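Close look at the chain arrangement
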Amino acid sequence: MKIGFAPATVTLTLIATMENSGAETLVERGAYLAQILDCGGCHHTGAFTPKPNLEAPLAGSDIGFESPGLGIFYPPNLTPDKKTGLGEWSDTEVIAAFTTGVRPDGRQLAPAMPWMSYGHITKDDATALVAYLRSLPAVDHKVPGPFGAQEKATTPYMSVVMPK
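What this report covers is the structure whose coordinates are included nearby.

What about the sheet that holds strand E4 (residues 157-159)?
Strand order in the open sheet formed by four strands is E3-E2-E1-E4, and the pairing between neighbours is mixed. Each edge of the open sheet carries a strand with a single partner, namely strand E3 (147-148) and E4. Relative to strand E2 (residues 71-73), strand E1 (residues 64-67) is paired through three bridges, and the arrangement is antiparallel. Bridge pairing in E2 links Glu 66 to Ile 72.

Focus: the layout of surface pockets
Approximately 880 Å³ is the volume attributed to the largest pocket. Every residue lining the largest pocket is counted, 38 residues in all, and those nearest its centre are His 43, Pro 75, Pro 76, Leu 78 and Leu 109. Going through the elements one at a time, helix H3 (40-43), helix H4 (91-100) and helix H6 (123-135) are the ones with two or more residues in the lining of the largest pocket. Residue contributions to the lining of the largest pocket peak at three residues, all from H4. Of the residues assigned to the lining of the largest pocket, the class counts are 25 nonpolar, six polar and seven charged.

Brief notes about H4
Among the residues of H4, those classed as buried are Val 94, Ala 97, Phe 98 and Thr 99. Here the buried face of H4 lies against helix H5 (115-118) and H6. In the stretch just after H4, Gly 101 is the one whose phi turns positive, near 80°.

Observations regarding the nonpolar core
Ranked by internal contacts, the top residues of the largest apolar core, which has 19 residues, are Leu 58, Leu 86, Val 94, Phe 98, Tyr 132 and Leu 133. Counting only elements with at least two residues in this core, the list comes to helix H2 (26-36), H4 and H6. At six residues, H6 tops the list of elements feeding residues into this core. One finds Ile 72, Tyr 74, Val 143 and Phe 147 within the second-largest nonpolar core, a separate group that totals five residues.

What counts, and at which threshold
Residues numbered from 1 in each chain as written. Predicted model: local features only at pLDDT ≥ 70, side-chain atom pairs only at ≥ 80, totals over all residues. Heavy atoms only, no water. Pairing = 2+ DSSP bridges. Helix = DSSP H or I, 4+ residues; strand = E, 2+ residues; numbered from the N terminus. 1 Å grid on protein atoms, 1.4 Å probe; cavity = no way out; pocket = protein on both sides within 12 Å on 5 of 7 lines; lining within 4 Å. Points joined across faces, edges and corners; volume = space filled by probe spheres on them. Nonpolar A, V, L, I, M, F, W, Y, C, P; charged D, E, K, R; others polar. Buried < 20%, exposed > 50% of the residue type's maximum accessible area, 1.4 Å probe, protein only. Contact = heavy atoms within 4.5 Å. Core = buried A, V, L, I, M, F, W, Y, C linked by side-chain atoms within 4.5 Å.

Here is the structure:
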């Protein structure tokens, strides 16, 4: 019986060794998470167009979206720029924003930001995501808005039409 289990044990040991030998860095893990969480689907400049700007990842979108009754929101700059991005936010504040939906200034994030799902991220993965965001080149790019429900937006946006 021991002979029957030996090949399986050796195979599992080899697989585990191969997986761990190329252990990713914190930033690599964060980049992976940003991809599967589709951060760029909204936060790239040019998001919502056929040609998002991949040269300045996560620098924020100039095209917003309207949530009926709430206003028009533009996905913000997530780069470490101190003036227009997350550069002045602490790691704890960044994690709180994407896991609780509340910014350091107390403003609730737009409903399109899936913070309720992201709130289930592990502490290690949240730390890795912040490490990745901190590793990005700082891009000085202020996004428009937000605009309240009664305000007029100054740049393009998409509208969500509620079913009747």
